[in-house]
Structure formats: C-alpha cells, structure tokens
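A closer look at the structure
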Amino acid sequence: MSSRSFDYAAPKSVADAVALLGQTPDTLPLAGGHELLTQLRLRQIPASRLVDLRNIPALRSIDSNAAGTMIGAMARLAEIAANAKLQGSTGALVDAIASVGDVQTRNMATIGGSLASADGANDVVAALLVLEAQVEVSGPRGMRLVTVPDLIAGGGAALRAANELIVGVQVPEVPTGVASAYAKFKNPANSYPICGVAVAVGHNTNGNIGQIRIAVTGATKAAKRLTSAEAALAGKAIADIKSLATGLLSPAEAVTDMFASADYRAHLVDVLAAEAIAAAVARLPAAG
Amino acid sequence: MTDMTPPRMLGSRQKRVEDPAFLQGTARFTADLSLPGMAHMVILRSQHGHAKILNIDTTAAAQSPGVVRVVTAKDIAGHMMPLPCIWIPGGAESHFPSHPFGVPGAGPVLATDKVRYIGDPVAVVVAETERQALDAMEKIRVDYEVLPAVTTPREALKDGAPQLHDEVKNNLNAYCAYGDKTAAEKAIAEGDIVVELDTYNQRTINNPLEPRGAIGEFDKETGEYVFRGTSQSPHDHRLLLALMVLGIPYNKLRIISPNIGGSFGTKGYLYADMPLVLWLAKELGRPVKWIDTRSGMMRSTVQGRDQWMHGQLAGTADGRITGLKMVAHANLGAYPSTIGPGVATAMVGRSIPSVYDIPAVSAEVYAAFTNVVPLGAQRGSGRAEATFMIERLVELYARKIGMDPAEVRLKNMVRPDQMPFDNRVGWLYDSGDYPATFRRALTMAMAGHNELGQMKAEARARGKYLGFAAVPFVAVSGVGPSPRMAKEGMLGGTWESCNLKVYPTGEICVMIGSKPHGQGHETSFGQIAADELGVPLSSVQVLHSDTKRATFGQGSYGSRSFSVGGAAVLKAAQMAKKKAIEMAAHGFKIPVEDVVYTNGRMYPKGHPEKARGLQDVALNMWYGWDLPAGMEPNLDVTTVYDPPDFNYPHGSQAVIVEVDENTGKVEIVRYVGVHDAGVPGNVMILEGQVHGGIVHGMGQALWEGAQFTDDGTLLTSTLSNYPLPRASNIPHLDVEMSVSPTPNGPLGAKGAGEIGTVGAPVVIANAVCDALAEFGISHIEMPLTPEKVWQAMQNSKRFGAGGGAI
C-alpha cells in the first residue's frame, strides 16, 4: 500500500535537521523507520516531509568516559548491544535490546527512534529508567537534558510540538557493585512486552541485596519505576526475593487489552521481577 | 540380457524443480507483473460491521489528480451478477440453483443498499498510480446509518436478532443433519457414562505470505478478456466468472495464474476484485491492476473454522463408546462464500466420528450469517473441528471411567479388517491400519524417555507441569467423485484433466488442470510421467495455471491435487506409452505383446540391441509416414479423471508439553507423528506438507484467533495483533510415514496437504489438560494462551479442583 506523498530531506548536521523540523508543519524525523514507515504506508498519520537523520555522523557514535556513556540517537540497537563497555556495565539495556523484534529489526532500529515512542510498551525505556539515563534533546532553543520519566510523560508528541530532536542518551557510569537485568514476557504477535521488568541491584552483602531500582513496562500504560516495590525489597535476603516479590504492582495500575488482563500483567510483574533480580544478582561480583 | 528396471521416480526424494526460482527471488508473482498502459485500482471497504448506505459522494474523488474512474454499485448494475456460491449444502434437492436468486444472500460485487461486514467493498477508484488511487479514495464520502450487528451464529439465529439479508429468515443459511439422531439420543439416554463438551473452535485468519492480486486485460480486436491473478482454481474461476458473474463467452475469457505464495484455502474463492478488473479493463480500454495488502488479507479474505459446537458421548464403564451426538453452529459471516457453506457443514458433520466405530452417531450443523468476514476454508477445515470435538470427548470419557485414554481409543478404533468402513454419517473409509499407526506414535513419543510418572515428577521439580497426549485422526481428502459432490450440493465437476505430449524431439510436456500454490506440482506430477514413461525427470515439463493449456481442472484444494490430478497424469502417461508401443510394434513388424518397454526404450523381446527410444518413435509418429492402421499421427493424448470415491489419509500424533507454573505458558517439548497419505509421490514434498500442516494446527492451538467486537470490528486486523506460529516457537517435529494405498485411485495416493493439521490442535489441548489434571481442569478453550492456562490454574486454586474449566 502506498503512503501519501511527502518531501524528503537528509541534512548533514543536527542544526540543519532542527531547522528543517520547524520549517513546515507535519515534518517528522526519520530514524530506523520501523514504526514511522508502517504508519505512513497505512496512512495513519500526516507527514509533509521526512527529515532522514542517517547522514549525521555525530548521531551514530557511542562514546564512553569516566562519567558514563553517550549513545547517539542514530546508534543501531545491534551496535549498542555489541558495545563492550555497555555489555559489561548495563546488563538491563543489553537484555532489553536483545528482546526487541528480530535480528533485522535490531540492525535497523535506533535508540532515538525507540525513545520517540517512549510512552508505549517499550523495552529500552524500562532499562534506561533503572540506569537513570538522561536524554539529550536539541531544539530551536538549543540543547537540553530530559529525564526518562519526563520524556515518557511528554511522549514523542511533546518533542514534535517543540520541534525538538532526540540526539542521544547519557547513561551514567554504573558503579562497581551494581548490576542490572531485564526480563520480559513477549507478545507472541509483535514481540512487544506484555510485561517487562528491568532491575538494577546494588552490591550484596551477607546474602542480602543492597539498593534496588525496578522499572516496569508493558504492564502499565507507560513504563515507570516501582518505588514502593523498591523500598520493600531493598536490603532483603536474596533467598527470600521470590517470596517477597508479590503484589509489586497493583492490578488497578495495570492495563487490560486484547492481549492480557490487568490481573495477569500484575502477576507477571512479580514473576519477572524475581527473574530479573536473580539474573542481576548473578552478574554482581562475588560478595566480599 | 535381462531387462534393466529403471529406478522408480515415484516415491523417491526429488528436490523441487520449482525451488531455484523461489529461493533466488526470480520467480514472478502477480504483484510483479506490469502491462503497458496499466491503471491501478483500489477498493474502498466498509468501516462498519452492519450499516445502511445512505449516500456515496464520489465527486471530489473523481476530480482527484490521476483518477481514471470511480465506480460504485450503481455503475455496475446490469453488468455483473452477485458472486455465486457453488456449494449449497442440503442434498441433491437444493443444488443447481438458478443464479442469483437461488443463492439467498449472495454477495454483490459492490455493496448496494447495505454493508454487512467491515471488509465489504463499497466503491473502487482507478487511477494512473496506486498512490493517486489511494489519495482519491480518501476523498470518497459515504454516509452510513449504523445498524445493530450480530457476530455469532447462535445469537444470529435467535428471534429478534439483526437481520443481514431480507430474503434469509433468521439468518439461517442451512441446517444439515447427518446420521441417526434418534439412535444417538437413545444411546446417550441409556448410556452408563455420558460426557459432554461445549466448545468454540475459534475463527482463524488465513495468512499466506502473498496477499491476493488481480490484473484484468481486454483485447478490443479479439474481444478476449485475460485475468491474471492469485487463483488456485483458474479453470473453475473461468467458468464461474464467464457463466455466472460477467455473462461473457467462455472462449473469450482466459485466466493465467502466476506463481502463488501460499493459499491455505483462500485463493480458490471468488472475490469482488476479479470481475471488477475485467469489466474495468474493457470499459477503460487499458489493463487494470489491483494488489491487496496484509490488512486486506486479514479483513476481506475468507477465514476459517468458527464452529460453536456441543457434543455428547455415551459409553460403557469399561470403555466401549456407544453413542455420539454433535450440534454445531457455523459462523458463515456476511455472505455465502464460493464453497463456504458446504465446507462449514458436510466437512464437519460427516467427519465427527473420526477413526472410531461408534454404533449410533448424529451430527447437526446450523450455518448462519453474521456481520463478520465471510467464512471459507482453512487447511483441514471441518475435519479439524470434528477431530477436536471427538478427541476431547474421548479424553473426558477415559478420565471419567479411569481408563488409560490410549486404551479407550484402541478399543473403539476401526480395525483394518473392517475396511472399507462406513462411518455412519457419510464417509466410507478406504484403507489403513489405524491402531498400528496409533501404537507407533505412542512408541515414538516415549522412545528414549523415562516412564511418564517419572517425567512428570522431574518436571515438577523444575516448576513445570508435564502432560502427554496421543490422538488418531482421519481426514477425508481427494474431492471428489463428481456425482457424489453433486449430492453434497456442489455445483461443479470435480474431475481433473491432463494433456500429455511427447514432442518429436523427445521432451515430454504435461499440461495439468491442477494449479500449485506451493505444493510442487512441477516436481511430483513430473515424477508420475517420468516414472511411467521411464525417462529422466529433467525431460518432463509440467505446464499449468493457464486456461489456454489444459482442458479443465477444478483446482488445488481439499488435498486433491496429487491423488486426483496426479491420476489424470498417470492415465495420460499410460495411454501415451500404449500408443508408443503400438507404433514400435508396427515398426518392428511384431505383435504388440512382444514389445518390451523399459527406460523409455522399446525393443522386440530378446533383442535389446534393436531398441528404439521414445523420441525416435514419437518423431516417426509426428512424421506420420508409416503408421499402424487407424492410428492418428502425433503422440499427444488427453485424459480426464474423476475418482470413484474420496480417499482417507490418516495418522496419529503424540506430544509432551510442559506448562510453566508461574506464567501458564505452554511449551511443546516433544512432538511425534505417523502419517499415512497412501503411496507417496515425492517423499520430501509429503514430509514438508505434514510439517507445515502440523505447524498450522499448532497455531490454532496456541496463538491464533480472530477477535471481533460486538459491532463487527476486527480487532486482530494486522500481524502485530494476530500471532502466527514462528520458526522460533516451533519444536522439532519427529514425523514418520506409513503407507496404506487407497483403492480409490490408480496411484494409491491419498491427500497429504491437510492431514498434519487436523490432529494438532486437539493433541496439544489434551496434553495441556493432562498436565493440569491435578487441578481438576477438564477443558481450556483455544487458543491456549499463557493467561488462559494461568487463569484456569488460579480458578482451580480459588474454587477447588473442578473449578478450573473455562
């Protein structure tokens, strides 16, 4: 099925891209294209012009320093998962990416494109929540940093309204003694998470976990941290996690749709949280 | 010197000659075709399940850039009739209807006063490009008055339900009864043990890789129409379009069906686009092309199953089944599709006792119209639903009397010495050792495994519930004997034809009426001719899919291609061989019976040095200088084959599943099967058919199911919300073949395309119920999604054993 006609531009710099976004209404940035091109072919959204970001080399890089890692918006999910530094320190992100679609999807999909739909069932976003990453956004008034929860709250629509472009993700350096993981129950049709749980777990001592961050996606309307669950599990014995991980999400907060009920999703949060915590703990250096 | 017997081509593993083009991407499909001057058509479809059309305003669309023509129902009035239904169940009295008035509720090519499902075609736009046509389509304004809708057959039949068609009272298309209802009811009333089940065999959406497509062309000089498109029954479509829809001469319509990327039962039906592209090609004086989308595949292509079934089974306390009664409500959707009503009734009702010898059997099917997509076939249709019901009932019965389900099955199974066996509702099973295949499947399933109780305990320790089930099945195939099909209400000859030529240069050309849509006819049909004539496969060319070639063929469906169409090829090869031998005898000046034919060569008995090849003989027949008295020149024969009866492939499958205690997710850990499709043509193709068939059945068991809202909106309208089986979800399949030749055909072959599908859903469902036996769960409806299984376990925990059934 053919899309409606639209113009196309492939600028070479972020500044040019941002300028183009503001020029005509319904101008949309094109990253990996998975969601956007499907929507256009089905004529579900208006588009007057696509601004293809593929020719902006700066957006493709993954750079690490002492403060953390800056992942360019156009970095492909497969490239991020293959990055040695991230493999060693951001298990939840690597797990989440591995669970996205299939090989071809991950070869084309970008982290910026994923974040443009941060307000939906989104694997990557759950991982970024527990890694406390921030998103770098460029717009007519320059660059700003947005927290992942803020990005989720506004959604892609807020960025588009402000003619802003996601240019990258800053993942803070993960301290030694912290490990993360992501566990997911896939929708068998589209591979999106019916429920996904990301956790980051602090150093364990005497068989106890330290601090813990838990984020859920798919089960709730948008991805979110489960702060009360974090408080309930922090410092608890690893051996007790499975029995303690109950009722982490109230069914009242979970969504019901054609794929699963709120009750089932809330139940999956417990199952997956226990699974993700076990995986993260296994990644921690031995207690000492 | 002794005769050299050539290695048999039939029954051997031959790589498919079609595959290089498919694998290298050079094979051309309908969407790849482009004709000079071609315009593009798009179809505006209803957005409502049920609505009155108050007004259609096409003014803006007609003025949109590039638009050639906009067409609504009023433009085609008088030019084409509604799409016919040619399988009207109900017996000999009801067939040969005078079209269209004999087909109450027949679907108009474009909706006139009402739309009755969300894919109902309302208008078409033809433009220079597909994009321009779509742009213009967005400008068509249709004013609807939304009407109350009904989406399930039991509701549709109730008084006061929304009426789809004025001429169809209570939305009832057909009521069919099979077997002896009085006897079955008596057996149930008097039965020591009675079990019953109400189950919904859910609607499945056909999803071949290639969506449908159609290109119409009209030649002003010759007056000939050419249709190119995804037709798995090109000859039959030619007849139906010429005779019943367009009213044009048969000799002015040619149908060419390019490569087809799968069908599973969808592309043998008539659809609105087919007459439209032909009529428009003539109207506009240029070819017109229409290519469907995936969402079109989902919402306007015939769908499968959708049987609401109630079954009762009676038996003795020691495991002897005494009676079976089934009442089904089939959901036909909005219109009677080409053969949908017959598929939905006879194929279910007559298949209900499956492999069992049950003294009293009754089946009744009500087929009702509703505001959903028209029902057609899906691989295994009718037989899969019947098998699901009977095998669930047998499982429930065995558990109730505390017997091993396998033992109960063996105790009631038709034995080889009972063949041919009248199943008491219309099928006469031809051949096979059902108990032997069943025992073999049991053995295969447990080979290399611990005893079942031990396996269950070991799985429990890993947080899994392990279950086992084995089911036998039989699936009527090889449609069919034409006179018998007429009695079933089929309007059409179900014979197949073959034209076989031996060219003067020695190559052999086989033209078949049968049309492949993935089955590999060029290979397996070539094997038949090569085998009979003793020549290499490479010297046989199989031509198909163009009505200018073979005489006729009803098409490829109902697992009939090889056993029926193949028989025509065998007959043709035998006739050609006989004629060649007569010619050789004439040349050698010896009696015909003294000619030895081997390896494609002929010689006088005892004189192989005098051998003459088939090419040499064919060349002399071509010259025609010196022929036996009465022989016509040229080695070119045409045959027609109409089978004496159906054939009945059978088999057994067994599975071991594990259910996750936390999530309810079902994992198949072992899948075995023994399948018997009679004498095989190409073993590799046969195995592929069985594998694909099983996977199809797994899809229904675990993932698939169309979901409509009460107003007829299709929720599962794309592949992002309709899960199909994926390679990564499919376990290794351990499949064996057995061979019981059918007497109902010269090849001894039975249908292979659907046999894998019919048993798969129920063997999985039974195994899951076995896994969850300790919860008292007796039944879970398909698809067995993790949540449904988990909910059943939860309910059981909450309400005690027995509370788990949902």
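Residues numbered from 1 in each chain as written. Chains lettered and ligands numbered in written order. Predicted model: local features only at pLDDT ≥ 70, side-chain atom pairs only at ≥ 80, totals over all residues.

1. Describing the sheet that holds strand E4 (residues 114-115) of chain B
Residues and elements named next belong to chain B. Under the convention used in this document: Pairs of strands are assigned from DSSP output, requiring at least two bridges between the strands. Each helix is a run of H or I in the DSSP string that is no shorter than four residues. Each strand is a run of E no shorter than two, and both are numbered from the N terminus.
Read across the open sheet, the 3 strands follow the order E4-E2-E6; overall the sheet is antiparallel. The open sheet has two free edges, formed respectively by E4 and strand E6 (141-146), since each of these has just one partner strand. Relative to E6, strand E2 (residues 51-57) runs antiparallel, the two sharing 6 bridges. Counterpart to isoleucine 56 in the pairing with E6 is valine 142.

2. Section: the environment of lysine 610 of chain B
Mapped onto the elements, lysine 610 of chain B comes out in the loop between strand E23 (601-604) and strand E24 (612-613). Counting along the chain gives 437 residues from lysine 610 of chain B to asparagine 173 of chain B, while the straight-line C-alpha distance between them is 67 Å.

3. Some thoughts on the domain arrangement of chain B
Residue and element names in this part refer to chain B. Note the following rule: Delimitation of the domains relies on an automatic or database domain assignment. Once C-beta atoms have been placed from the backbone, residue pairs whose C-beta atoms lie within 7 Å are recorded as contacts. For this classification, the nonpolar set comprises Ala, Val, Leu, Ile, Met, Phe, Trp, Tyr, Cys and Pro, the charged set comprises Asp, Glu, Lys and Arg, and every other residue, Gly included, is treated as polar.
By domain assignment, chain B separates into domain 1 (33-147 + 209-262 + 267-300), domain 2 (304-479 + 645-799) and domain 3 (495-641). Domain 1 puts 14 residues into the contact, and the matching count from domain 3 is 14 residues. For the side of domain 1 that touches domain 3, the secondary structure elements donating two or more residues are helix H7 (234-246) and strand E11 (253-256). When residues of the side of domain 1 that touches domain 3 are assigned to their parent elements, the largest contribution, 4 residues, is made by H7. Its residues assigned to classes, the side of domain 1 that touches domain 3 shows 4 nonpolar, 6 polar and 4 charged.

4. Overview of unusual backbone geometry
Geometrically, the link from valine 479 of chain B to glycine 480 of chain B is a cis peptide bond, its omega value of -25° lying close to zero. When you line up the elements, glycine 480 of chain B lands in the loop between strand E18 (464-474) and helix H15 (482-487). Of the consecutive residues methionine 782 of chain B and proline 783 of chain B, the connecting peptide bond is found in the cis state with omega at -10°. Along the chain, proline 783 of chain B turns up in the loop between helix H20 (755-771) and helix H21 (786-799). Despite not being glycine, asparagine 163 of chain A shows a phi value in the positive range, around 55°. Considering the arrangement of structural elements, one finds asparagine 163 of chain A in the loop between helix H9 (148-161) and strand E8 (165-172). One non-glycine residue, serine 559 of chain B, lies in the positive phi region at around 50°. Structurally, the position occupied by serine 559 of chain B is in the loop between strand E21 (540-543) and helix H17 (561-588).

5. Brief notes about the interface of chain B and chain A
Taken together, the contact pairs 17 residues of chain B with 14 residues of chain A. Every element with two or more residues in the side of chain B that touches chain A is listed here: helix H4 (130-137) and H21 of chain B. Here the element with the most residues in the side of chain B that touches chain A is H4 of chain B; it accounts for 4 residues. Looking at the side of chain B that touches chain A, its residues break down into 7 nonpolar, 6 polar and 4 charged.

6. Some points on the domain arrangement of chain A
All names here are of chain A. Domain boundaries assigned for chain A yield domain 1 (7-50), domain 2 (62-172) and domain 3 (178-283). Distance between the C-alpha centres of domain 1 and domain 2: 19 Å. Contacts between domain 1 and domain 2 engage 11 residues on the former and 15 residues on the latter. Going through the elements one at a time, helix H1 (14-23) and helix H2 (34-41) are the ones with two or more residues in the side of domain 1 that touches domain 2. Examining the composition of the side of domain 1 that touches domain 2, we find that 5 residues originate from one element, H1, more than from any other. Looking at the side of domain 1 that touches domain 2 residue by residue, the class counts come to 6 nonpolar, 4 polar and 1 charged.

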